[in-house]
Amino acid sequence: MAIHRTCDGVQRRDFLKAGVFGGLGLTLAGHLRLADAGQASAAAGVKSAIFINLSGGPSHLDTFDLKPEAPSEYRGAFQPIKTNVPGVEFCEHLPKLARCADKFAVLRGVSHTLAAHNLGSEYVNTGTPPLASLQHPGYGAVVAKETKAIHPPDLPPFVAIPNSNQRPGFLGVKYAPLNTGTTPRAGQPFSVRGIDLTGELTVADVENRQRLLRDLDTAFRDADADSQLLEGLDRFSQQSPAIMISERSRQAFDISRESPSFAKPFGQQPFGVSCLLAARLVESGVRFVTLSLGGWDTHQNNFSKLKDSLLPTLDTGLAALLNGLTQKGLLESTTVFVTGEFGRTPKINSRSADGGRDHYPRCMFMLLAGGGIRGGQVVGRSDQRATEPDGDGFSPDDVAATFYHSLGIDPTQEYHTRTGRPIAIVRHGRIIRELFA
């Protein structure tokens, strides 16, 4: 058997039906193979987080930062509506979020300079401008590292539905997310490969394969004892079966156990049902969950795409998530972070009859809720045409520092790369104190 240092070396386990590396994260066996679970008991008061990625970059002017007094080529086709917070207005196609605006804060005038999707996405998923020489860890990897000593051993600390742009960076793949690979369906049990012991995979199979894995791991460790890929081998032999046969793990992913009255507001769309799963995972003890709603790259037909699909989908799923976390008593202990990689051009282009908006990192919005953040407020503002912040504005670094602070993590603390280089979690960000006032 050939032994390699790269992730391909884990392919020796394909035949075990325990999963393989996938994309930027791992399936169950890949995740557990490299994760250090830490202690067995969870401590009260430790906070969780849900990160929602609006991939493509949503228009700030057509969602949470409307400019009804701007010229028509800027303000667009949508009208503002009042929310349940006096003086705060959102887009008319976000009525459910308008009715729960008291549960989250809107940051306006967030600004950066990276207009490419991959660079902007990496920036807002780490809080640090990307470097060619070093890959910084995403939020989920940092949270997984900081909570490993108190995370329950039969649950993954970091779950991505169905996958994530967040990478473990120099922290190593043991802090990568467990990718579900698919999105759940309303009212149906959700099976994550390696957790649901159905079909031919039995508890006896798990135990037999655990013994085989110990033999393989011994040979594999001898090939390269210093590789990050091999960290946590001793923990894997204990933790993998614990999760695979854990009743708590199976129930955590089983959204069919939610009452119909609780699940109904989340709707039938994949994004809304993913929000339902995120709430259930957090309630079960998972520390960090990411989910995505794509399609916001509206260079053409901006207004029809927003009106007919994107805004109603976001409105239903996010409002249900915020209300559901409140109903379960989890919002104060769970920080919710919603962002795209940038905003969109204030001036409407003419590439289609409906008009479009292009990439625009100079001005955008972000949403934060829970974790001690006071809802029902708008912090920051943009100028009259939403072309730039009115004042200093905020950087993604500032929002990252604030996000970590809400979770009880010091954003200025330093980690060390494998070469010993000290790297701050967030190098230049400042905590936005007014969010907690």
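What this report covers is the structure whose coordinates are included nearby. (Residues numbered from 1 in each chain as written. Predicted model: local features only at pLDDT ≥ 70, side-chain atom pairs only at ≥ 80, totals over all residues. Heavy atoms only, no water.)

Section: the overall build of the protein
Argument step 1. When you go through the protein residue by residue, the secondary structure sums to 12 helices and 16 strands.
Argument step 2. By the burial criterion, 57% of the 437 residues in the protein qualify as buried.
Argument step 3. In the structure as shown, the protein presents an accessible area of about 17,600 Å², 48% of it carried by carbon and sulfur atoms. (Helix = DSSP H or I, 4+ residues; strand = E, 2+ residues; numbered from the N terminus. Buried < 20%, exposed > 50% of the residue type's maximum accessible area, 1.4 Å probe, protein only. Areas by Shrake-Rupley, 256 points an atom, 1.4 Å probe, with all protein chains shown as cover.)

Observations concerning the pairing of strand β6 (residues 104-110)
Argument step 1. Burial analysis of β6 places 7 of its 7 residues in the buried class, the great majority of the element.
Argument step 2. Pairing geometry for β6 and strand β13 (residues 364-369), over 6 bridges, is antiparallel. Paired with Val110 across the bridge in β13 is Met364.
Argument step 3. The sheet contact formed by β6 and strand β14 (residues 377-379) spans 3 bridges and is parallel. (Pairing = 2+ DSSP bridges.)

Digging into the packing of helix α10 (residues 270-284) against helix α11 (residues 302-327)
Argument step 1. Their axes nearest at 8 Å, the elements α10 and α11 cross at an angle of 15 degrees. Between α10 and α11, the angle falls in the class roughly parallel. At the point where α10 passes α11, the crossing takes the right-handed sense. Of α11, the residues touching α10 (which contributes Phe271, Gly272, Cys275 and Ala279) are Thr313, Leu314, Gly317, Leu318, Leu321 and Leu325.
Argument step 2. Each residue belonging to the contact of α10 with α11 can be placed in one class, and the counts come to 7 nonpolar, 3 polar and no charged. (Axes fitted to C-alpha atoms, helices over the stretch in contact; angles between N-to-C directions. Parallel < 35°, antiparallel > 145°, perpendicular 65-115°, else oblique. Left-handed = near helix turned anticlockwise from the far one by under 90°. Contact = heavy atoms within 4.5 Å. Nonpolar A, V, L, I, M, F, W, Y, C, P; charged D, E, K, R; others polar.)

Description of the packing of aromatic side chains
Argument step 1. Per the counting criterion, the structure on display carries 15 aromatic pairs.
Argument step 2. Here Phe78 and Phe303 contribute two aromatic rings whose centre-to-centre distance is 5.4 Å and whose plane-to-plane angle is 85 degrees, an arrangement assigned as edge-to-face. Note that Phe78 is positioned in the loop between α2 (72-75) and β4 (80-82) and Phe303 in helix α11, a separation of 225 residues in sequence.
Argument step 3. Positioned above the aromatic ring of Phe262 is the side chain of Lys328, whose terminal nitrogen or guanidinium carbon lies 4.4 Å from the ring centre. (Phe/Tyr/Trp six-rings, centres within 6.5 Å; stacked < 30°, edge-to-face > 60°. Lys NZ or Arg CZ within 6 Å of the ring centre and 35° of its normal.)

Digging into the pairing of strand β3 (residues 48-53)
Two faces, one strand: in a regular strand the side chains alternate between the faces of the sheet.
Argument step 1. Among the 6 residues of β3, 6 are classified as buried, and the element is accordingly described as predominantly covered.
Argument step 2. Taking every second residue as pointing to the same face, both faces of β3 are buried, with Ser48, Ile50 and Ile52 on one and Ala49, Phe51 and Asn53 on the other.
Argument step 3. Pairing analysis gives 6 bridges linking β3 to strand β10 (residues 334-339), with the strands arranged parallel. Looking across to β10, one finds that Ile52 is bridged to Val338.
Argument step 4. Two elements, β3 and strand β9 (residues 288-292), share 5 bridges in a ladder whose sense is parallel.

Examining the pattern of salt bridges
Argument step 1. Following the criterion strictly, the structure yields 14 salt bridges and no others.
Argument step 2. Residue Arg357 is joined to Asp62 by a salt bridge in which the shortest nitrogen-to-oxygen separation is 2.8 Å. Separated by 295 residues along the polypeptide, Arg357 in the loop between β11 (343-344) and β12 (359-360) and Asp62 in the loop between β3 and α2 bring together distant segments of the chain. You'll find Arg357 and Asp62 in the same group, each marked buried.
Argument step 3. When the shortest N-O distance is used, the salt bridge between Glu258 and Arg280 registers 3.0 Å. Residue Glu258 is found in the loop between α8 (247-252) and α9 (260-263), and its partner Arg280 is found in helix α10; the two are separated by 22 residues along the sequence. Note on accessibility: Glu258 and Arg280 belong to one class, buried. (Salt bridge = Lys/Arg side-chain N within 4 Å of Asp/Glu carboxyl O.)

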